[in-house]
Amino acid sequence: MFQEDGSSSVTSSSPLNLMSLSPSLVCPHPWLKDLKPEERGLYLIHLLVTCANHVASGNLENANIALDQISYLASPDGDTMQRIASYFSESLADRILRAWPGVYKAFRSTRISVVAEEILVSKMFFEFLPFMKVAFVISNQAIIEAMEGEKMVHVIDLNATEPTQWCALIRDLSARPEGPPHLKMTGIHHKKEVLEQMAHVLTEEAEKLDLPFQFNPVVSTLEDLDIEKLRVKTGEALAISSIMQLHTLLGSSYDPGNRSPFQRAALMNQGTLGELLEKDMVNGYSPSNDSVSSSPLSPNVPLPKIEGFLSALWGLSPKVMVVTEQDSDHNGRTLMERLSESLYYYAALFDCLESALPRASLERLKMEKMILGEEIKNIIACEGAERKERHEKLEKWNQRFEFAGFGNVPLSYYAMLQAKRLLQSFNCDGYKIKEDNGCVVVCWQDRPLFAVSAWRYRR
């Protein structure tokens, strides 16, 4: 299960089966420190599962004892399982604290969030691991192919934080045999300063290559996005890029009396949506009476965030929409479901960092804490509207897009080839790439981690 160097093979075995060591929840003994890495990893997983069971059942005394034992074995700068256990135990403790809102708020009252530091750590994740680079390369290739011959190109980035992808697209478009198009880029982000930096970098790149360019900043979250601010005009060939954003909209439904702007846009064209539902019934989908009453067509019932959002994007008639999402199911209803699935997934990501950077690396510590650790905490500690990291498998996303009226665009052989070459440049045998019904899945060993798919408007 666990290698002598501390790397994890939990990515290929269920943590719920690792109960061979059955510790009683008593005060820690000195022998805990003498466990070999493999034994320690098994024991930590059992302690985490035991602790989560106690948290879920409200047995806080035993949860506290388990957390105390974990603290003797876990370490944020140890081997993979020690690091994993540190963040999962912190998340379980965070979940306990949330039961007392006053204590929880006081405990966090002096914490500050530095945007510049968050951006820097995101850039580290981009540099040291291949996932975002693969997403950028595949997305750009799909956009280039879809926009062949178009003179007015409009690209919407649903999370405009990294200009590297769009600088590469500007270079590719400027080198087109038929000449460059006029490019309009709409960037969406909740921080104005992030968009200002993006606009500066992209405008400079476009001027350097003499490519007609316009940047449209939209300061907003996806949840509150006003579709009209995207300024999509007749005659523009539209592309949409979403990198690890859509899962944040998988939470609870909206109050029908307080619809977001994109929900109102979805409801304005009910005839078109009616045609979509009729088409789905022709294709073999026949909703029950319950699902009809809760369909997006009914103005008096809650509309799920993601359904309203995809309906609004479908109404913009994109030539291509490229979507990258985590390929794992962390959206289970219960804590135990999410713990089991996320242990698999994040053990693989921590193994990726183990292969890329030494254990004492400050960059590695920051990425694990500020990116992976925060995702784990959201999955384990949060419920309801606060739980944003609702990752789901590629198959579910495919069903969702098809129901919203999109048609799949198989990613090209050249896009696959570029992705494979990029992975090879990391000189690590652990990274693998596979094709899944026209989509691309990036894996660590045999564990799927991220999936990229492309879609188009289908009437």
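These numbers were taken from a predicted model, which means no experiment stands behind them.

### Notes on the overall build of the chain
Piece 1. A count of helices and strands for the chain gives 16 helices and nine strands.
Piece 2. For the chain, the proportion of its 459 residues judged to be buried stands at 53%.
Piece 3. Approximately 20,600 Å² of the chain is accessible, and the part contributed by carbon and sulfur atoms is 51%.

### What to know about the pairing of strand β8 (residues 439–444)
Piece 1. For β8, the buried fraction is high: six of the six residues fall into the buried class.
Piece 2. Judged by which residues are buried, β8 turns out to be covered on both faces: C439, V441 and C443 on one side and V440, V442 and W444 on the other are all buried.
Piece 3. Inspection of the sheet shows strand β7 (residues 431–436) paired to β8 by six bridges, in the antiparallel sense. Its bridge partner being in β8, K432 is matched across the sheet by C443.
Piece 4. Between the antiparallel neighbours β7 and β8 lie two residues, among them N437 with a positive phi of about 50°.
Piece 5. When β8 meets strand β9 (residues 447–457), the two strands line up antiparallel, connected through five bridges. Looking across to β9, one finds that V441 is bridged to A451.

### Observations regarding the packing of helix α7 (residues 164–174) against helix α8 (residues 192–208)
Piece 1. Following both chains from N to C, one finds α7 and α8 inclined at 20°, their axes separated by 10 Å at the closest point. Classified by the interaxial angle, the pair formed by α7 and α8 is roughly parallel. As for the relative orientation of α7 and α8, their crossing is right-handed in sense. Across the interface between the two elements, W166, C167, I170 and R171 of α7 pack against M198, V201, L202, E205 and A206 of α8.

### Points about the confidence of the model for the chain
Piece 1. In this model, the chain carries an average pLDDT of 85, and 82% of its residues clear a pLDDT of 70 or more.
Piece 2. Counting interchain partners and residues more than four positions distant, the pLDDT-below-50 stretch residues 1–6 has 28 contacts.
Piece 3. Confidence drops under a pLDDT of 50 for residues 254–301, and excluding neighbours within four residues, the segment shows 67 contacts in the predicted structure.

### Section: the nonpolar core
Piece 1. Of all hydrophobic cores here, the largest spans 96 residues; its most connected members are F88, F131, L202, F213, V320, Y346 and L449.
Piece 2. The element contributing the most residues to this core is helix α13 (residues 335–356), with 12 residues.
Piece 3. Leaving out residues up to four positions away in the same chain, F88 has contacts with L48, L339, S342, L343, Y346, I376 and I380.
Piece 4. One finds I240, I306, W314 and W397 within the second-largest nonpolar core, a separate group that totals 28 residues.

### Some details on the packing of aromatic side chains
Piece 1. All told, the structure shown has 12 aromatic pairs when counted by the stated rule.
Piece 2. Relative to F136, the ring of F126 lies with its centre 5.4 Å away and its plane at 35°, an arrangement referred to as tilted. In this pair, F126 is assigned in helix α5 (residues 115–128) and F136 in helix α6 (residues 131–146), connecting sequence segments 10 residues apart.
Piece 3. With relative accessibility at 9%, the residue F126 sits in the buried group.
Piece 4. The interplanar angle of 35° and the centroid separation of 4.8 Å between the aromatic rings of F131 and F450 together place this pair among those described as tilted. Of this pair, F131 sits in helix α6 while F450 sits in strand β9, and the two are 319 residues apart along the sequence.
Piece 5. Put simply, the rings of F131, Y345, Y346, F426, Y431, W444 and F450 touch in pairs and so form one group of aromatic residues.
Piece 6. Here the guanidinium or amino end of K133 rests over the ring plane of F126, the centre of that ring lying 5.3 Å away.
Piece 7. The ring centre of W397 lies 4.8 Å from the NZ or CZ of R400, which sits over that ring.

### Re empty space enclosed by the protein
Piece 1. Taken as a whole, this structure holds two cavities of 30 Å³ or more when the rule is applied.
Piece 2. Counted as a void, the second largest cavity has a volume near 60 Å³.
Piece 3. Lining of the second largest cavity is provided by V323, E325, Q326, D327, E392, K393, L394, W397, F401, A451 and S453.
Piece 4. Looking at the lining of the second largest cavity residue by residue, the class counts come to five nonpolar, two polar and four charged.

### Focus: a nonpolar patch on the surface
Piece 1. A surface patch of nonpolar side chains, amounting to about 270 Å² of accessible area, comprises L60, W100 and V103.
Piece 2. As for its placement among the helices and strands, V103 is situated in helix α4 (residues 101–108).
Piece 3. By relative accessible area, which is 47% here, V103 ends up partly exposed.

### As for the side chain of R40
Piece 1. Along the chain, R40 turns up in helix α1 (residues 37–57).
Piece 2. Side chain to side chain, R40 and D79 meet in a polar contact 2.5 Å long.
Piece 3. Setting aside residues up to four positions removed in sequence, R40 forms contacts with L35, L73, D79 and Q82.

### Looking at unusual backbone geometry
Piece 1. With a phi close to 55°, M244 is a non-glycine residue in the positive phi region.
Piece 2. In this structure, M244 sits in the loop between β4 (237–243) and α9 (261–268).
Piece 3. Of note in the backbone geometry, N427 takes a positive phi value of approximately 50° without being a glycine.
Piece 4. Counting through the fold element by element, N427 comes out in the loop between α16 (413–424) and β7.
Piece 5. Look at N427 and you get exposed, because its relative accessible area is 72%.

### What about the environment of E325?
Piece 1. Summarising the element assignment, E325 is placed in strand β5 (residues 320–326).
Piece 2. Sequence-wise, E325 and S242 are 83 residues apart; in three dimensions their C-alpha atoms are separated by 8.4 Å.
Piece 3. If near-sequence neighbours (up to four positions away) are discounted, E325 is found in contact with M244, Q245, L246, H247, W397, L449, F450 and A451.
Piece 4. A polar side-chain atom of E325 sits 3.3 Å from the main-chain amide nitrogen of Q245.

### Side note on the pattern of salt bridges
Piece 1. Scanning the entire structure with this criterion turns up 25 salt bridges.
Piece 2. Notably, a salt bridge pairs E383 with R338, separated by 2.6 Å at the nearest N-O pair. Here R338 lies in helix α13 and E383 lies in the loop between α14 (362–381) and α15 (394–403), a separation of 45 residues in the sequence.
Piece 3. Its relative accessible area of 32% is what places E383 among the partly exposed residues.

What counts and how
Residues numbered from 1 in each chain as written. Predicted model: local features only at pLDDT ≥ 70, side-chain atom pairs only at ≥ 80, totals over all residues. Heavy atoms only, no water. Helix = DSSP H or I, 4+ residues; strand = E, 2+ residues; numbered from the N terminus. Buried < 20%, exposed > 50% of the residue type's maximum accessible area, 1.4 Å probe, protein only. Areas by Shrake-Rupley, 256 points an atom, 1.4 Å probe, with all protein chains shown as cover. Pairing = 2+ DSSP bridges. Axes fitted to C-alpha atoms, helices over the stretch in contact; angles between N-to-C directions. Parallel < 35°, antiparallel > 145°, perpendicular 65-115°, else oblique. Left-handed = near helix turned anticlockwise from the far one by under 90°. Contact = heavy atoms within 4.5 Å. pLDDT = per-residue confidence, 0-100. Core = buried A, V, L, I, M, F, W, Y, C linked by side-chain atoms within 4.5 Å. Phe/Tyr/Trp six-rings, centres within 6.5 Å; stacked < 30°, edge-to-face > 60°. Lys NZ or Arg CZ within 6 Å of the ring centre and 35° of its normal. 1 Å grid on protein atoms, 1.4 Å probe; cavity = no way out; pocket = protein on both sides within 12 Å on 5 of 7 lines; lining within 4 Å. Points joined across faces, edges and corners; volume = space filled by probe spheres on them. Nonpolar A, V, L, I, M, F, W, Y, C, P; charged D, E, K, R; others polar. Patch = residues over 30% accessible without salt bridge, like charges linked within 9 Å, V, L, I, M, F, W, Y side chains within 5 Å. Salt bridge = Lys/Arg side-chain N within 4 Å of Asp/Glu carboxyl O. Polar contact = N/O pair within 3.5 Å; in protein donor to acceptor, adjacent residues only side chain to side chain.

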